[in-house]
Amino acid sequence: DTAVSQTPKYLVTQMGNDKSIKCEQNLGHDTMYWYKQDSKKFLKIMFSYNNKELIINETVPNRFSPKSPDKAHLNLHINSLELGDSAVYFCASSQDGSLNTQYFGPGTRLTVL
Amino acid sequence: AQKVTQAQTEISVVEKEDVTLDCVYETRDTTYYLFWYKQPPSGELVFLIRRNSFDEQNEISGRYSWNFQKSTSSFNFTITASQVVDSAVYFCALSEAAQGAQKLVFGQGTRLTINP
């Protein structure tokens, strides 16, 4: 009965490849997010979707494209992976886009070689 | 822009000691929320507390307590009688309204090590 789940947990790939990370929440929340945690543990928001609609799009390279097939899922596709993309990516969800608590998934550690 | 500062990068104490993690924030919003999250060595982010900007009452949950002071823009976290299982990175965060939604602005985190 995991609330927010992500797959895969670890992802190791070569530069230039395209990869996807999947996120699912079973909390019935309307809003989902992607955050990036760099090697210094700094967490920064990348995207937010509310009811499948893109709400927040921070200054993220175009190589990153989120996709929300329904409000329970928010996937992250990354094209032409670069060394600097290596990080831990966290998915989160909240009841809606207002000031509600965000609950995080377990994270996906992406390593680009 | 909103900002959260956790000045203590690392703290190391011996088990059973009390320890306080500092958090100072900057915001122009009158309505906002403050959060603490715990990231244990296993890597997940665990929600600990959310505090409304209009509620300055201190909160206690077991060995954990939080002190929110708007006058100093601080939201400090104290662990009483620390245990080895408290070892983790702790993040303070501030909610920021953005583009019709909200995002969390995180501090740099404080790595807490509890030694047996």
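Just so we're clear, the structure is a prediction, and the values are computed from it rather than from any experiment. (Residues numbered from 1 in each chain as written. Chains lettered and ligands numbered in written order. Predicted model: local features only at pLDDT ≥ 70, side-chain atom pairs only at ≥ 80, totals over all residues. Heavy atoms only, no water.)

Student: Go over the side chain of Ser74(B), please, and point to the residues and values.
Tutor: Residues and elements named next belong to chain B. Note that Ser-74 resides in strand β9 (residues 74-79). Among the polar contacts made by the side chain of Ser-74, one reaches the side chain of Thr-72 at a distance of 2.9 Å. Residues contacting Ser-74, with those up to four places away along its chain left out, are Cys-23, Val-24, Tyr-25, Asn-67, Phe-68 and Gln-69. (Helix = DSSP H or I, 4+ residues; strand = E, 2+ residues; numbered from the N terminus. Polar contact = N/O pair within 3.5 Å; in protein donor to acceptor, adjacent residues only side chain to side chain. Contact = heavy atoms within 4.5 Å.)

Student: Give me the pattern of salt bridges: which residues, what numbers.
Tutor: Across all of its chains, the model carries 8 salt bridges over all chains by this definition. The partner of Lys44(A) in a salt bridge is Glu58(A), with the nearest N and O atoms 3.4 Å apart. Taken together, the residues span a long stretch of sequence, with Lys44(A) in strand β5 (residues 43-50) and Glu58(A) in the loop between β6 (53-57) and β7 (64-70) at a distance of 14 residues. Overall, the relative accessible area of 40% leaves Lys44(A) in the partly exposed class. Of the charged contacts in the structure, one is a salt bridge between Arg63(B) and Asp86(B), with a shortest N-O distance of 2.8 Å. Of the two residues, Arg63(B) sits in the loop between β7 (59-61) and β8 (64-69) while Asp86(B) sits in the loop between β9 and β10 (88-98), which places them 23 residues apart along the sequence. Take Arg63(B): its relative accessible area is 25%, and that puts it in the partly exposed class. Bridged by salt links that share partners, the residues Lys44(A), Glu58(A) and Lys103(B) form one connected network. (Salt bridge = Lys/Arg side-chain N within 4 Å of Asp/Glu carboxyl O. Buried < 20%, exposed > 50% of the residue type's maximum accessible area, 1.4 Å probe, protein only.)

Student: Can you lay out the layout of surface pockets for me, pointing to particular residues and giving the numbers?
Tutor: Here the largest pocket is characterised by a volume of approximately 420 Å³. What lines the largest pocket is a set of 27 residues, and nearest its centre among them are Gln37(A), Lys41(A), Val88(A), Arg109(A) and Gly43(B). Of all the secondary-structure elements, those providing two or more residues to the lining of the largest pocket are β9 (87-94) and β11 (108-112) of chain A together with β10 and β12 (110-115) of chain B. Ranked by residues supplied to the lining of the largest pocket, first place goes to β11(A) with 4 residues. Of the residues in the lining of the largest pocket, the class split is 11 nonpolar, 11 polar and 5 charged. Its boundaries defined by the atoms lining it, the second largest pocket holds a volume of some 260 Å³. (1 Å grid on protein atoms, 1.4 Å probe; cavity = no way out; pocket = protein on both sides within 12 Å on 5 of 7 lines; lining within 4 Å. Points joined across faces, edges and corners; volume = space filled by probe spheres on them. Nonpolar A, V, L, I, M, F, W, Y, C, P; charged D, E, K, R; others polar.)

Student: Mind laying out the packing of aromatic side chains, listing which residues take part and the relevant values?
Tutor: Residues and elements named next belong to chain B. Enumeration over the complete set of coordinates arrives at 21 aromatic pairs over all chains. Relative to Trp-66, the ring of Tyr-64 lies with its centre 6.0 Å away and its plane at 85 degrees, an arrangement referred to as edge-to-face. You'll find Tyr-64 and Trp-66 in the same group, each marked buried. A centroid spacing of 5.0 Å and a plane angle of 5 degrees characterise the contact between Trp-66 and Phe-77, whose relative ring orientation is stacked. Here Trp-66 is found in strand β8, whereas its partner Phe-77 is found in strand β9, with 11 residues between them in sequence. (Phe/Tyr/Trp six-rings, centres within 6.5 Å; stacked < 30°, edge-to-face > 60°.)

Student: Describe the state of the cysteines, naming the residues involved and giving the relevant values.
Tutor: Applying the stated criterion to the full structure yields 2 disulfides over all chains. Through a disulfide, Cys23(A) is tied to Cys91(A); the S-S separation comes to 1.8 Å. Residues Cys23(A) and Cys91(A) are joined by a disulfide whose S-S torsion is about -75 degrees; by sign, that bridge is left-handed. Taken together, the positions of Cys23(A) in strand β3 (residues 19-25) and Cys91(A) in strand β9 put the pair 68 residues apart, joining distant regions of the chain. Overall, the relative accessible area of 0% leaves Cys91(A) in the buried class. The disulfide partner of Cys23(B) is Cys92(B), and the S-S distance across this bridge is 1.9 Å. Judged by the sign of its S-S torsion, about -65 degrees, the bond between Cys23(B) and Cys92(B) is left-handed. With Cys23(B) in the loop between β3 (19-21) and β4 (24-26) and Cys92(B) in strand β10, the pair connects residues that are 69 residues apart, well separated along the chain. Like Cys92(B), Cys23(B) is buried. (Disulfide = S-S within 2.5 Å.)

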